[in-house]
Amino acid sequence: MGMCKNIINLKRRRAVIHSRGDQAAGRAPRILPPPLNNVLALYPQPPEKAQFRKTLNMAPTTRSLSFPRVIVEKDTDSEHSSSEEEEEDDDEEPIEDEDEDEDEDENGKSFENEGQRIEEDSNKKGKAPITLSLKKVCKVCKRTGHEAGFKGATYIDCPMKPCFLCKMPGHTTMTCPHRVATEFGVIPASHKNTRNALLYVFERQFKPHIPPIKPAYVIPDQVNCAVIRYHSRRVTCLEFHPTNNRLLLSGDKKGQVGVWDYDKVHEKVVYGNIHSCIVNNMRFSPTNDGMIYAASSDGTISCTDMETGISSPLMNLNPDGWQGPNSWRMLYGMDINPEKHTVFVADNFGFLYLVDTRSNNRSGQAVLIHKKGSKVVGLHCNPLQPDLLLSCGNDHFARIWDIRRLVVGSSLYDLAHRRVVNSAYFSPISGCKILTTSQDNRIRVWDSIFGNLHSPSREIVHSHDFNRHLTPFRAEWDPKDPSESLAVIGRYISENYNGIALHPIDFIDVSTGQLVAEVMDPNITTISPVNKLHPRDDVLASGSSRSLFIWRPKDDHELVEQDERKIVICTGTEKKRKHKSKNDESEDDSDVNKPTPTSKGKNFKSRKPSTEIRKSSQKMKR
DNA sequence: ACCAGATGTTGCC
DNA sequence: TGGCAACCCTCTGG
């Protein structure tokens, strides 16, 4: 399916109108092109050429224009159809620039482009003709001579842009050193602090001659069960039940909360009347594991009975309803501190709120913990020290707070990032390390034992600079790993796996920066931004688009005996349900509760186990 | 087969 | 400071 889409993308050979107005409007890319030779050297050969013969022969879309004069640039390559000639095309065709002044300034090269010449001549006469270009046009930088996009299952970057992965100029994702081995360029931990009780434990991770005490990682690498289209919108968060091993909580963009016992795949519950828009974070109550707290962009925290779905709002930041976007408050980060009987939530304006779980009332005043007007996307209480709170947000900072003294500017540490921080988590056992995910395509580990908190101990380049229509990626600790080094995170850019573009879920040893495993299934062609590792079992839950997946290790005995995965595909679209009952939410839910057991689905074609995994110590890519 | 639309962050003016 | 356009390896329904 993904493959088909890629082909479709390539088939679009657009007729583009070049006019000087484009430049005047400032449409030239801001990033200056690297030297031409380098670009051409880096530009890869197009794979799977034969597949796209028809593409090249397609008639271009044209517009009939009576005014002004139209010049047609002919692309000689489009008249050929042999694969050899296409290769020549990519190798030899110069990269042209619409702005002739820039060309002269930068390398003084004269381009052999007829259309451009005519345009220049006409300009001297005071006319502004429009050039219809039948040449290949890059959809990223709008220049001719190269094309960005999928060639089969391989994405070709625009060579005019900095690397999409590491953000550095001079190379593309294809040749990025971080794509070859994730540990390349990782900043090593600095050993600054004096010895303490935990040093011995952590030291074993860094000194290879000491026999490792940690067991080999068990990677849940095979889809064990799934519900395709469980939610009606994309999944935004997942949470495992604290005591019931088979219970998974899921929230979505529409505000619905799913309670899924994945031992009984067909029995599915989705509560649709708790929130009116995005559920950003969920937690189970520390005192009653049948109760769910959820923070939503509708400005409320809900407290819901898992069995009945009966919900009561703890706090509503928009009691007067919609008064415009400048006043509408949305709740993002949330965590519960059991010792303090407090729910911490933060909003999109930089404020932190406290709610007492015993009285269900707000306690204290809202405190500005991030830049005023910026979103606070994550909160996390330290697992060992109840006084410590970690926050992160769109002001490019993660901050550590002492909750006994929550005042503006009183943070203990400010962890600086280059871009928005999607998540920040204390390590699950000792609470001594912090794992942050930032939109600058880097996972950072901040170590309070070995390093200091002024700079990250490690920076691991990883592709998660997300498209705005995706749930933000968050690197999550493995709560079972005693060494506190294994983390899981979905990957944004795809790789070509046997001709299919897939987005794996990466397991990374953050103490070394190594990619431990990349997990994918050829049937899951969508990106999996939401991932959670089970607190006790070797289970990974992932949310991809609207679907939920449970992954287990391939050699799981239980699985071998079953020899069959349980895949349920829900039918019925959002609109169909709306037609049935426009206003009745409960009926909407009852419909959702009737999944159709079928193996037909857009993104999941086969019921047979066909999961793939690549465990790699060094190479991420061939 | 193709398109529109939902949607958030960023940097520039 | 606020308005606006660019970003441009998504996903879905119509």
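In the nomenclature of an unreviewed UniProt entry, chain A is known as UV-damaged DNA-binding protein 2 of Cucumis melo. You can read under Sequence similarities (unreviewed entry) in the UniProt record for chain A the words "Belongs to the WD repeat DDB2/WDR76 family." Check the Subcellular location (unreviewed entry) section of the UniProt entry for chain A; it says "Nucleus".

### Details of the environment of cysteine 237
Along the chain, cysteine 237 falls in strand β7 (residues 235-240). The exposure class assigned to cysteine 237 is buried, which follows from its relative accessible area of 4%. Each C-alpha atom of the pair cysteine 237 and proline 428 lies 18 Å from the other, and the pair is 191 residues apart in sequence. For cysteine 237, the residues in contact, after removing those within four places along its chain, are Leu249, Ser250, Gly251, Val279, Asn280, Asn281, Met282 and Val530.

### Some points on the pairing of strand β35 (residues 540-544)
Within β35, five of the five residues are buried, leaving the element largely enclosed by the surrounding structure. Across the two faces of β35 the burial is the same, with Leu540, Ser542 and Ser544 and Ala541 and Gly543 all buried. Bridge count between strand β34 (residues 530-533) and β35: four bridges; the pairing is antiparallel. Pairing of lysine 532 across the sheet is with alanine 541, part of β35. Counted between consecutive antiparallel strands, the loop separating β34 from β35 contains six residues. Between β35 and strand β36 (residues 547-552), which pair antiparallel and follow one another directly, the connecting turn spans two residues, one of which, serine 545, has a positive phi of 55 degrees.

### Side note on the packing of aromatic side chains
Per the stated rule, a full pass over the model turns up five aromatic pairs. The interplanar angle of 85 degrees and the centroid separation of 5.2 Å between the aromatic rings of phenylalanine 150 and tyrosine 155 together place this pair among those described as edge-to-face. Look at phenylalanine 150 and you get buried, because its relative accessible area is 15%. Members of the aromatic cluster, connected to one another through ring pairs, are Phe164, Phe473 and Tyr492. Across from the ring centre of phenylalanine 164, 5.0 Å away, lies the NZ or CZ of lysine 167, which sits over that ring. The positively charged end of lysine 268 is found above the aromatic ring belonging to tyrosine 230, 4.4 Å away from the centroid.

### Observations regarding the side chain of glutamate 484
Here glutamate 484 shows up in the loop between β28 (476-477) and β29 (486-490). Among buried charged residues, glutamate 484 stands out as having no salt bridge; its nearest opposite-charge side chain is lysine 433, 5.3 Å away. One polar contact links glutamate 484 to serine 427, side chain to side chain, over a distance of 3.1 Å. Here isoleucine 429 takes part through its backbone nitrogen, which lies 2.6 Å from a polar atom of the side chain of glutamate 484.

### Side note on the sheet that holds strand β27 (residues 458-461)
Taken in spatial order, the four strands of this open sheet run β24-β25-β26-β27, and their pairing is antiparallel. Whereas interior strands pair on both sides, the edge strands pair on one side only; in this sheet they are β24 (421-426) and β27. The mean inter-strand angle of the sheet, taken between neighbouring strand axes irrespective of direction, is 15 degrees. Strand direction decides the pairing type here: strand β26 (residues 442-447) and β27, joined by four bridges, are antiparallel. Along β27, the bridge assignment pairs valine 445 with arginine 458.

### Considering the pattern of salt bridges
One pass over the structure, following the stated rule, counts 23 salt bridges. The closest approach of N and O atoms between aspartate 261 and lysine 264, which form a salt bridge, is 3.9 Å. Lysine 340 is the salt-bridge partner of aspartate 387, the closest N and O atoms lying 2.8 Å from each other. With aspartate 387 in the loop between β20 (376-381) and β21 (388-393) and lysine 340 in the loop between β15 (331-337) and β16 (342-347), this pair connects stretches of sequence that are 47 residues apart. Residue lysine 340 is classed as partly exposed on the basis of its relative accessible area of 31%. Each member of the salt-bridge network shares a partner with another, and the members are Glu239, Arg283, Asp335, Glu476 and Lys532.

About the thresholds
Residues numbered from 1 in each chain as written. Chains lettered and ligands numbered in written order. Predicted model: local features only at pLDDT ≥ 70, side-chain atom pairs only at ≥ 80, totals over all residues. Heavy atoms only, no water. UniProt positions renumbered as here; feature names shortened; annotations may be inferred. Helix = DSSP H or I, 4+ residues; strand = E, 2+ residues; numbered from the N terminus. Buried < 20%, exposed > 50% of the residue type's maximum accessible area, 1.4 Å probe, protein only. Contact = heavy atoms within 4.5 Å. Pairing = 2+ DSSP bridges. Phe/Tyr/Trp six-rings, centres within 6.5 Å; stacked < 30°, edge-to-face > 60°. Lys NZ or Arg CZ within 6 Å of the ring centre and 35° of its normal. Lys, Arg positive; Asp, Glu negative; His and termini not counted. Salt bridge = Lys/Arg side-chain N within 4 Å of Asp/Glu carboxyl O. Polar contact = N/O pair within 3.5 Å; in protein donor to acceptor, adjacent residues only side chain to side chain. Axes fitted to C-alpha atoms, helices over the stretch in contact; angles between N-to-C directions.

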